[in-house]
Amino acid sequence: NFVYLEDIAVVLTLITNHYLKLSQKNKYNILIVLSGEPSLFVYLLEFFQPFFNSGLNISVIYDQCLTKEIIKQFDANVIATNFNIPNIDQFDKKIKIFRLSYIPYQKEINEIYQYINSN
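What counts and what doesn't
Residues numbered from 1 in each chain as written. Predicted model: local features only at pLDDT ≥ 70, side-chain atom pairs only at ≥ 80, totals over all residues. Heavy atoms only, no water. Helix = DSSP H or I, 4+ residues; strand = E, 2+ residues; numbered from the N terminus. Contact = heavy atoms within 4.5 Å.

(A) Representation of unusual backbone geometry. Residue aspartate 63 is not a glycine yet carries a positive backbone phi of 50°. Position of aspartate 63 among the secondary structure elements: in the loop between strand S2 (57-62) and helix H4 (68-74). Here aspartate 75, not a glycine, exhibits a phi torsion of approximately 50°, which is positive. Examined against the element boundaries, aspartate 75 turns out to sit in the loop between H4 and strand S3 (78-81).

(B) Main features of the environment of asparagine 84. You can see asparagine 84 is positioned in the loop between S3 and strand S4 (96-99). Expressed as a C-alpha distance, the spacing of asparagine 84 and cysteine 65, which sit 19 residues apart in the sequence, is 10.0 Å.

(C) Summary view of the environment of isoleucine 116. Mapped onto the fold, isoleucine 116 is located in helix H5 (residues 106-118). When the C-alpha atoms of isoleucine 116 and isoleucine 30 are compared, they prove to be 9.8 Å apart, with 86 residues separating the residues in sequence. Excluding residues that lie within four positions of it along the chain, isoleucine 116 makes contacts with Tyr28, Ile30, Phe51 and Leu56.

Geometry only, nothing functional implied.
Next up, the structure:
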């Protein structure tokens, strides 16, 4: 027996709205493509840890050449990489590519967050 049915309706609306906002965040499939020494790889995984805890779809590959097939395999629409990608112009223009420093700065990571949160 509920006394205030309007309160229940409001709570259900808030829960539904929150769920919809969370599901919209997953529209990004982020592919992190890293290169470097193995010890650097471990550091970079820690550096990107906030992404892993954000509910986004994240995939990481290490020391592999980025190809159209890999992008398709991971269904990537955002790519972050710390090395130059040969023939970058051959990739779909809808894919947002972030070129990071060999050891990325927090500023570069923040740019990715801003892009994801603004779209």
